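Report on the structure
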Amino acid sequence: TINQQAVVRSNAKYNAKNWKCWEGKKEIALHWLNDSTFQFSMRLEKKKHFYSFYNGEVLIDKWMSVQLPTVKQKVYIVPLISLSNDRFYYENELNKIYKQAGIELETAILPTFKTKIFSPKTIFSTQDSLEMYSGQMRLLRNQFFELNTDLPKEAYYLFVIPSFADSSEMGFMLKNKTLGFVPFQTNDKRLNTQLARTLAIGMGMLNPAWKSLDSLENRKENLMDSLGGRQLTFAQVEALRSEIRTFSRFDTYENVPTNNGTIAYYFWKE
């Protein structure tokens, strides 16, 4: 078991004695640490445990606990513009988010990547409709991996680019692909959140809340919203941990040459 803390946010006055917590059909004790924070014992097992919180007769919230084995995943950050912090900062900050899913990210920051075509001032375009990488993204990918042939295939690569032509674009990554493109931010925390959010699109095929009409519980606190949230729902955790994934650097519209010819990609909607 662990001692879990919960913070009550309310504009109305409330009596701590009226608060109850039930694990299934069993009431468990709450220990108030101050006027707005209480602590209780939560069981961590592979089996799911459900907790219900009541203020008097009113159901306020429901929680679930389950212990997840740690999954490790390599992530490479490739800056086109110099970053102000080392890999330990980004690794620690990313793992503060991904530990919710029981995922440990092994993060490496590669040297600033520059060519005759790509510089710290290059502005990138994105595709308006098709789920494909833009010509610039494909060219950057090709040049980078031609010069870095020893990098592992089963890893995710996040390119920190100078900017997008569309200033509202917060990060571009195709679902179930390994390449992401994130615009540089002078605010390190904001940049790290955008790295985490963009990675979630590729790794877990999560929907960016700012691009969809999907409703999310506590949306403004969720990682996939645009307001700087860092929380994940359990459905998002399950998606991020899915074993059904590919480590492809190519979009589905590309013909990929191999030693045995060309791989044809077929795609469809269920």
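Above: the structure in question.
Calculation notes
- Residues numbered from 1 in each chain as written.
- Predicted model: local features only at pLDDT ≥ 70, side-chain atom pairs only at ≥ 80, totals over all residues.
- Heavy atoms only, no water.
- Pairing = 2+ DSSP bridges.
- Helix = DSSP H or I, 4+ residues; strand = E, 2+ residues; numbered from the N terminus.
- Axes fitted to C-alpha atoms, helices over the stretch in contact; angles between N-to-C directions.
- Expected span 1.5 Å × (residues − 1).
- Buried < 20%, exposed > 50% of the residue type's maximum accessible area, 1.4 Å probe, protein only.
- Contact = heavy atoms within 4.5 Å.
- Salt bridge = Lys/Arg side-chain N within 4 Å of Asp/Glu carboxyl O.
- Core = buried A, V, L, I, M, F, W, Y, C linked by side-chain atoms within 4.5 Å.
- Phe/Tyr/Trp six-rings, centres within 6.5 Å; stacked < 30°, edge-to-face > 60°.

Taken in spatial order, the four strands line up as S3-S2-S6-S7 in an open sheet, and their pairing is antiparallel. Each having just a single partner strand, strand S3 (26-28) and strand S7 (58-65) make up the two edges of the open sheet. Between one strand axis and the next, the sheet turns through 30° on average, direction left out of account. Of the pairings in the sheet, the one linking strand S2 (residues 19-23) to strand S6 (residues 49-55) comprises five bridges and is antiparallel in character. Along S6, the bridge assignment pairs Trp19 with Asn55.

Before going further, it helps to examine helix H2 (residues 135-147). Between the first and last C-alpha of H2 there are 19 Å, a value that for 13 residues agrees with the 18 Å anticipated at 1.5 Å per step. Residues of H2 that are buried: Met137, Leu140, Arg141, Gln143, Phe144 and Phe145. Here the buried face of H2 lies against strand S8 (71-79), strand S10 (123-124), strand S11 (156-161), strand S12 (163-164), strand S13 (172-173) and strand S14 (179-183).

All chains considered together, the criterion is met by nine salt bridges. For Arg43, the salt bridge is made with Glu23, and the minimal N-O distance between the two is 2.7 Å. Of this pair, Arg43 sits in the loop between strand S5 (37-42) and S6 while Glu23 sits in strand S2; the two residues are 20 residues apart in sequence, bridging distant segments of the chain. A residue is classified by how much of its surface remains accessible, and Glu23, at 13% relative accessible area, is buried. For Arg138, the salt bridge is made with Glu254, and the minimal N-O distance between the two is 3.7 Å. Here the residue Arg138 occupies a position in helix H2, and Glu254 occupies one in the loop between helix H4 (234-240) and strand S15 (256-258), the gap between them amounting to 116 residues. Look at Arg138 and you get partly exposed, because its relative accessible area is 22%.

Moving on to the nonpolar core. Of all hydrophobic cores here, the largest spans 29 residues; its most connected members are Tyr98, Leu105, Leu195, Leu199, Met203 and Leu240. Those elements giving two or more residues to this core turn out to be S8, helix H1 (87-98), strand S9 (103-109), S11, helix H3 (188-204) and H4. Top element by residues in this core is H3. It accounts for seven residues. Among residues more than four places away in sequence, those in contact with Leu240 are Tyr98, Ala101, Ile103, Ala200, Met203, Gly204, Leu206, Leu232 and Arg245.

Glancing now at the packing of aromatic side chains. In total, this model carries 21 aromatic pairs according to the counting rule given. Measuring from centroid to centroid gives 5.4 Å for Phe113 and Phe144, while their planes differ by 80°, and the two rings are edge-to-face. A residue pair is termed long-range when its members are at least 10 positions apart, and Phe113 in the loop between S9 and S10 and Phe144 in helix H2 qualify at 31 residues. For Phe113, a relative accessible area of 8% puts it in the buried group. Judged by relative accessible area, Phe144 falls into the buried class, the value being 2%.

Moving on to the sheet that holds S9. What the five strands build is an open sheet, ordered S9-S8-S11-S14-S13; its pairing is mixed. In this open sheet, the two strands that pair with only one neighbour each are S9 and S13. With seven bridges connecting them, S8 and S9 associate as parallel partners. Within S9, the position partnered with Gln73 by the bridge is Leu105. Running at roughly 155° to S14, H3 makes contact with S8, S9, S11, S13 and S14 of the sheet.

Inspection of the secondary structure puts Thr178 in the loop between S13 and S14. Here Thr178 falls in the buried class, since its relative accessible area comes to 0%. Sequence-distant contacts of Thr178, defined by excluding residues within four places in its chain, comprise Ala155, Tyr156, Tyr157, Met173, Thr246, Phe247, Ser248 and Arg249.

Even without being a glycine, Asn176 presents a positive backbone phi close to 65°. One non-glycine residue, Met205, adopts positive backbone phi at about 55°.

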